[in-house]
Amino acid sequence: MTESAPRIRIGYGLEPKKVHSFIQPSLVNLCNERGIDLVPIDINKPLIQQGPFDCVTHKLYSEDWKNQLEEFSKANPNTVIIDPPHAIERLQNRISMLEVVNELKITRASEELGTPSQTFIFNSESLSDQSILQGLNFPVIAKPLVADGSAISHKMYIVFSRDGLKGLNPPFVLQEFVNHGAVIFKVYVAGEHVQCVKRRSLPDIPDASLGSSGGLLSFSQVSNLACQDGDDDSYKLIIEEAKMPPTSFVDEVANALQQVLGLRLFNFDMIRDSRDASRYLVIDINYFPGYAKLPDFEIVLTDFFREVVCQKESETQAWATKESQE
Ligand SMILES: Nc1ncnc2c1ncn2[C@@H]1O[C@H](COP(=O)(O)OP(=O)(O)OP(=O)(O)O)[C@@H](O)[C@H]1O
Ligand SMILES: O=P(O)(O)O[C@H]1[C@H](OP(=O)(O)O)[C@@H](OP(=O)(O)O)[C@@H](O)[C@@H](O)[C@@H]1OP(=O)(O)O
Ligand SMILES: [Mg+2]
Ligand SMILES: [Mg+2]
């Protein structure tokens, strides 16, 4: 970083809990050293009155925020918005989120990619409609349709039998539970950067548990429980011993997803089917996930912010050159 190079201003619009987990002193320090200023956006003041920013990064979902971003973008066409709200919206619905995976063209000889079967239960009448549940094998997971960052959007139930469904209030998504050896692969994408890590997941469900009376078990954000202090050693061992999916496969899926989604900051959760080690299933995609849990996240994110601004500068320059030649 030469003294004369202008500093980059990244405005961030985040909920307080995200500011707390993401804007860590180590990130602020590295950004500072590398000529990047992380500037909080005051969500109680009009965005248009704030800035200037080279880039605005955000994880806010209200209509008012989306309108403000649009207005800001029109007035400041050189500011990069990470990411466009319409593209993020696709991840706020657990049906449309996974439909994306089935649009991908991944042609691999040694791995297969898919999603678990799922269906949307709109109301209690849908539950008595035999055709809706047809083709869905128990156990299943009941997931809230909306994934909007609220605690309620993470609250889920394992349902062991048809009987168990009686204890739930629609609307919700029912997704087939796939045994996968209690380890989940979380693949983090930040622009060009792709990184896969292993985390704790739900344990396999033996056939004998099916049809168990009551038939319902609630849980929330199980992967965040992994390997914390004092955590169960046997879990650590299971995670350590799990084989990673091939890097070339992970990269191919991440790049294809990035293209189709039109997003630069996201992660996806992938499991490996215990019945077929070449079969991988994407079960969840999250916008702007918890990057701070990645090793060296400060380097990943500062590289990303620089990349974004450099890319925009080259585009602007290329455009100006073309204009002057015409
Ligand atoms: N179809 C499935 N088969 C087996 N296990 C699953 C399935 N879907 C979810 N799980 C387990 O439940 C956990 C939570 O599910 P999911 O990732 O959909 O929820 P989430 O609240 O959106 O998670 P996140 O905190 O990553 O946003 C997963 O991490 C995994 O352990
Ligand atoms: O802090 P946030 O609210 O963004 O929480 C996100 C959380 O990151 P955190 O570790 O920073 O809590 C993410 O964890 P990882 O996938 O990285 O494990 C994931 O659970 C997202 O779904 C959460 O987003 P939400 O769906 O709740 O908006
Ligand atoms: Mg998940
Ligand atoms: Mg999620």
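Reading the values: the criteria
- Residues numbered from 1 in each chain as written.
- Chains lettered and ligands numbered in written order.
- Predicted model: local features only at pLDDT ≥ 70, side-chain atom pairs only at ≥ 80, totals over all residues.
- Heavy atoms only, no water.
- Phe/Tyr/Trp six-rings, centres within 6.5 Å; stacked < 30°, edge-to-face > 60°.
- Buried < 20%, exposed > 50% of the residue type's maximum accessible area, 1.4 Å probe, protein only.
- Lys NZ or Arg CZ within 6 Å of the ring centre and 35° of its normal.
- Helix = DSSP H or I, 4+ residues; strand = E, 2+ residues; numbered from the N terminus.
- Pairing = 2+ DSSP bridges.
- Near = heavy atom within 4 Å.
- Polar contact = N/O pair within 3.5 Å; in protein donor to acceptor, adjacent residues only side chain to side chain.
- Areas by Shrake-Rupley, 256 points an atom, 1.4 Å probe, with all protein chains shown as cover.
- 1 Å grid on protein atoms, 1.4 Å probe; cavity = no way out; pocket = protein on both sides within 12 Å on 5 of 7 lines; lining within 4 Å.
- Sits in = over half its atoms within 2 Å of the grid points.
- Nonpolar A, V, L, I, M, F, W, Y, C, P; charged D, E, K, R; others polar.
- Donors = N, O, S within 2.8 Å, 3.2 Å for Na, K, Ca; no water.
- Contact = heavy atoms within 4.5 Å.
- UniProt positions renumbered as here; feature names shortened; annotations may be inferred.
- Axes fitted to C-alpha atoms, helices over the stretch in contact; angles between N-to-C directions.

The next subject is the packing of aromatic side chains. For the structure shown, the criterion picks out nine aromatic pairs. Each ring, one from Tyr287 and one from Phe288, has its centre 6.2 Å from the other, and the planes form 85°; the classification is edge-to-face. Of the two residues, Tyr287 and Phe288, neither departs from the other in class, the shared state being buried. An angle of 55° between the planes, with centres 5.8 Å apart, marks the rings of Phe304 and Phe305 as tilted. Owing to a relative accessible area of 1%, Phe304 belongs among the buried residues under this scheme. Looking at Phe305, the relative accessible area reads 1%, which means it is buried. Through pairs of rings, three or more aromatic residues link up here, namely Phe22, Tyr188, Tyr287, Phe288, Tyr291 and Phe297. Of note, Arg200 hangs over the ring of Tyr235, and the distance from its end group to the ring centre comes to 3.7 Å.

On to the pairing of strand 11 (residues 193-200), then. By the criterion of burial, strand 11 is predominantly enclosed, with six of the eight residues buried. Alignment of strand 10 (residues 183-190) against strand 11, held across eight bridges, turns out to be antiparallel. Each residue of the ladder has a partner; that of Lys186, found in strand 11, is Val197. Where strand 10 folds back onto strand 11 in an antiparallel hairpin, the turn is made up of two residues, including Gly191, whose phi is positive at roughly 65°.

This part takes up the site of ligand 1. Residues in contact with ligand 1 amount to 23 residues; listed here are only the nearest, Lys143, His154, Gln175, Ser201 and Gln221. Asp269 places a polar side-chain atom, nitrogen or oxygen, 3.1 Å from an oxygen atom of ligand 1. In isolation ligand 1 offers 620 Å² of accessible surface; the protein chains occlude 97% of this area. Counting atoms within 2 Å of the grid points, the majority share of ligand 1 lands in the largest pocket. Elements supplying a minimum of two residues to the shell around ligand 1: strand 7 (140-143), strand 9 (172-176), strand 10, strand 13 (265-272) and strand 14 (279-287). No other element matches strand 14, which puts three residues into the shell around ligand 1. Of the residues assigned to the shell around ligand 1, the class counts are eleven nonpolar, six polar and six charged.

Let us now look at the coordination of the magnesium ion (ligand 3). Note on metal geometry: ideal angles are 109.5 degrees for four donors arranged tetrahedrally and 90 or 180 degrees for six donors arranged octahedrally. The protein atoms that coordinate the magnesium ion (ligand 3) are Asp269 (OD) and Asp284 (OD), at distances of 1.9 to 2.2 Å. Here the magnesium ion (ligand 3) and the magnesium ion (ligand 4) are spaced 3.9 Å apart, and both take Asp284 as a donor. With a gap of 15 residues between them, Asp269 in strand 13 and Asp284 in strand 14 connect regions that are remote in the sequence. The two residues Asp269 and Asp284 agree in class, both being buried.

Take the side chain of Thr119 next. For Thr119, the position within the fold is in strand 6 (residues 118-121). The contact partners of Thr119, leaving out residues within four places of it in the chain, are Ile95, Ile132, Leu136, Phe172, Val173 and Leu174.

The subject of this paragraph is the UniProt feature "binding site: 1D-myo-inositol 1,3,4-trisphosphate" (unreviewed entry) in the chain. UniProt records the feature "binding site: 1D-myo-inositol 1,3,4-trisphosphate" (unreviewed entry) for Lys18, Lys59, His154, Lys186, Asn286 and Gly290 in the present numbering. Residues from the named set that contribute to the lining of the largest pocket are Lys18, Lys59, His154, Lys186, Asn286 and Gly290. Non-local contacts of Lys59, meaning those with residues more than four positions away in its chain, are made with Gly13, Leu14, Glu15, Lys18, Tyr287 and Phe288. Relative to the assigned elements, Gly290 resides in the loop between strand 14 and helix 10 (297-325). The residues touching Gly290, leaving out its near neighbours within four places in the chain, are Lys18 and Tyr188.

This part is about the sheet that holds strand 8 (residues 155-159). Pairing within the open sheet is antiparallel, and its five strands lie in the order 6-9-7-8-12. With partners counted over all chains shown, the strands left at the sheet margins are strand 6 and strand 12 (216-220), one partner each. Strand-to-strand twist of the sheet, defined as the mean angle between neighbouring strand axes without regard to direction, takes the value 25°. Bridge count between strand 7 and strand 8: three bridges; the pairing is antiparallel. Paired with Val140 across the two strands is Val159, which belongs to strand 8.

What follows covers the side chain of Gln258. Along the chain, Gln258 falls in helix 9 (residues 247-261). For Gln258, a relative accessible area of 14% translates into the label buried. Side-chain polar atoms of Gln258 contact the backbone oxygen of Gly191, separated by 3.4 Å. If we skip the residues at most four places from it in the chain, Gln258 touches Val189, Gly191, Leu263, Arg264 and Phe266.

To continue, consider the environment of Met156. Secondary-structure assignment places Met156 in strand 8. Overall, the relative accessible area of 9% leaves Met156 in the buried class. Taking the C-alpha atoms as reference points, Met156 and Pro116, 40 residues apart in sequence, are found 16 Å from one another. For Met156, the residues in contact, after removing those within four places along its chain, are Arg94, Ile141, Ala142, Lys143, Pro144, Leu217, Ser218 and Phe219.

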